[in-house]
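What the coordinates show
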Amino acid sequence: MLRLALPLVLLSALPFYLDAFWLRIGLFSMAAAIGAVGLGLLSGTAGQLSLGHAFFLAVGAYGYVWLAGEPGPGLSPALAMVLAVLLAGAAGGLFSPVAGRVRGIYLGVATLALVFIGHHVLLTADSVTGGFNGRSVPPLEIGGFAFTTADPELVVLGVPFGAEERLWYLGLALLALTWFTARGLLRGRPGRALVALRDSETAASVMGVNVARYRSAAFVVSSMYAGLAGVLLALSFRRVVPDYFGLVLSVDYLAMIVIGGLGSVAGATAGAVFVTALPLLMTRYADQLPLVTAPGSGEGSVGPTEAARYLYGAAIVVILLYAPDGLHGLARRTRARLRRRRPDTPPAETIPSSPEPSPARTKEHTP
């Protein structure tokens, strides 16, 4: 428990020391981590290839914007967030009959169709999505506390708390909830059933696992995590546009779980931070990096976003060749190696030498 409490305390203290740029990177990384955990459950644990994760993020993001905004029902933002997550789960449930019967590359192609269909709907349903220009995101408010820069300004320990600082703690709470539920799911009976399903559907069905039911349930749960990630992304960006939720985003999420380690909650989080933070950092420090030019410098130059994709593409190749279990497996092996090198007993010179045992003598019997 202490291993989880200490990182939470450190992360909770960061808004007092970091500026808005680093907090935004953290927010985007936390949102990506929530979605990556969901995809990790689906592809890493259940063994179902999905290229449509961006579609369910869009359902969550646009569902929140429409439910809480105008035009729309104008619900309270907290209720709109919950309903947006359920809406993403319902979208996964509508697709789950396909997921329950199709597998492998065929499921990947089927989910790929969701991205193209969803992008077309986002562009054409102007009254709901705002069309090409998108829509502004209504700020979240829970119990009268607004997760935005409000007037009067909130000051905590001499530090002004604006939108990024407030959303940081919301993202941290949602990420902690994701970790708790996902790890509980993996360690329980559903997780064992999904692993058995991934390894062999025939063996799983012999052991009593309802194959179609668990495959469908995995898709629904993954979609709900994606919807929650979409809501947090919308709140962080403050505006949603259709072009963000395209095929590139789905590929990014696949890269996250491959780099981090398939079937691992911690690995999905690490991969999400790497893939999300790398292009943002390269954009900020483009003028200090070799072979990378600032955005908009002209044709024939490599921008920071393209350079970041080259780097994590190379990282995927290296991971697949030398560490198929990803960063999580690499960290686990490193910890085990360090544990083996750590001496379990005091150095030899501090241990008093014990006399060598004398050779056994023949026992004399009493006459």
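See above for the structure.
Each chain has its residues counted from 1, running along the sequence as written. It should be noted that, the model being predicted, local features are given only for residues of pLDDT at least 70 and side-chain atom pairs only at 80 or more, the latter also being counted only at that level, while totals for whole chains, interfaces and linings use all residues. Remark: hydrogens and water are excluded; side-chain values derive from all non-hydrogen atoms of the structure.

**Some details on empty space enclosed by the protein**
- Only protein atoms enter the calculation, which uses a 1 Å grid: trapped sets of points that fit a 1.4 Å probe without letting it out are cavities, open sets showing protein on both sides within 12 Å along at least five of seven lines are pockets, and any residue with an atom within 4 Å of a point is a lining residue. Grid points are joined across faces, edges and corners, and a volume is the space filled by probe spheres set on the points. What the rule picks out here adds up to one cavity of 30 Å³ or more.
- Empty space within the largest cavity amounts to approximately 50 Å³.
- Every residue lining the largest cavity is listed: V37, G40, L41, T45, L186, G261, G263, S264, V265 and A268.
- Only runs of H or I of at least four residues qualify as helices and only runs of E of at least two qualify as strands under DSSP, and these elements are numbered from the N terminus. Where the lining of the largest cavity is concerned, the elements lending two or more residues are α2 (20-45) and α12 (265-284).
- The dominant element in the lining of the largest cavity, judged by the number of residues it contributes, is α2, at four residues.
- Think of it as three bins: nonpolar holds Ala, Val, Leu, Ile, Met, Phe, Trp, Tyr, Cys and Pro, charged holds Asp, Glu, Lys and Arg, and polar takes everything else, Gly as well. Class assignment for the residues of the lining of the largest cavity results in five nonpolar, five polar and no charged.

**Some remarks on a positive patch on the surface**
- For patches, a residue must show more than 30% relative accessible area and have no salt bridge; joins then use 9 Å for like charges and 5 Å for nonpolar side chains, namely Val, Leu, Ile, Met, Phe, Trp and Tyr. Throughout, the Shrake-Rupley method with a 1.4 Å probe supplies accessible areas, and for residues the shown protein chains are the sole cover considered. We count a salt bridge whenever a side-chain nitrogen from Lys or Arg sits within 4 Å of a carboxyl oxygen from Asp or Glu. The charge count treats Lys and Arg as positive and Asp and Glu as negative. His and the chain ends do not count. All charge positions are set by atom: Lys at NZ, Arg at CZ, Asp at CG, Glu at CD. Positive charge collects at one region of the surface, where R3, R187, R335, R339 and R342 lie side by side.
- Mapped onto the elements of the fold, R339 is located in helix α14 (residues 326-341).
- Partly exposed residues are those whose accessible area sits between 20% and 50% of the maximum for their type, while under 20% is buried and over 50% is exposed, using a 1.4 Å probe and protein chains only. Look at R339 and you get partly exposed, because its relative accessible area is 49%.

**Describing the packing of helix α11 (residues 247-260) against α12**
- Axis definition: a line fit to C-alpha positions, over the contact stretch in the case of helices; interaxial angles, taken between N-to-C directions, run 0 to 180 degrees. Packing of α11 against α12 brings their axes to within 7 Å, and their N-to-C directions diverge by 125 degrees. With respect to their mutual orientation, α11 and α12 come out oblique. Crossing of α11 over α12 shows right-handed handedness. Within the contact between the two elements, α11 uses D252, A255, M256, I257, I259 and G260 and α12 uses G267, A268, G271, A272, F274, V275 and T276.
- In the contact of α11 with α12, the residues fall into eight nonpolar, four polar and one charged. What sets the label is the angle itself: under 35 degrees gives roughly parallel, over 145 gives roughly antiparallel, 65 to 115 gives roughly perpendicular, and the rest give oblique. Two helices crossing with the near one rotated counterclockwise from the far one by less than a right angle form a left-handed crossing, whereas a clockwise rotation gives a right-handed crossing. Contacts: residue pairs with any heavy atoms within 4.5 Å of one another.

**Some details on the packing of helix α7 (residues 163-187) against helix α10 (residues 211-237)**
- Closest axis-to-axis distance for the α7/α10 pair is 11 Å, and the angle between their directions is 170 degrees. Viewed along their axes, α7 and α10 adopt a mutual orientation that is roughly antiparallel. Between α7 and α10, the residues in contact are L167, L170, G171, L174, T178, T181, A182 and L185 and V221, Y225, L228, L232, L235 and S236, respectively.
- Taken together, the residues of the contact of α7 with α10 break down into ten nonpolar, four polar and no charged.

Function-wise, these values are silent; they only describe arrangement.
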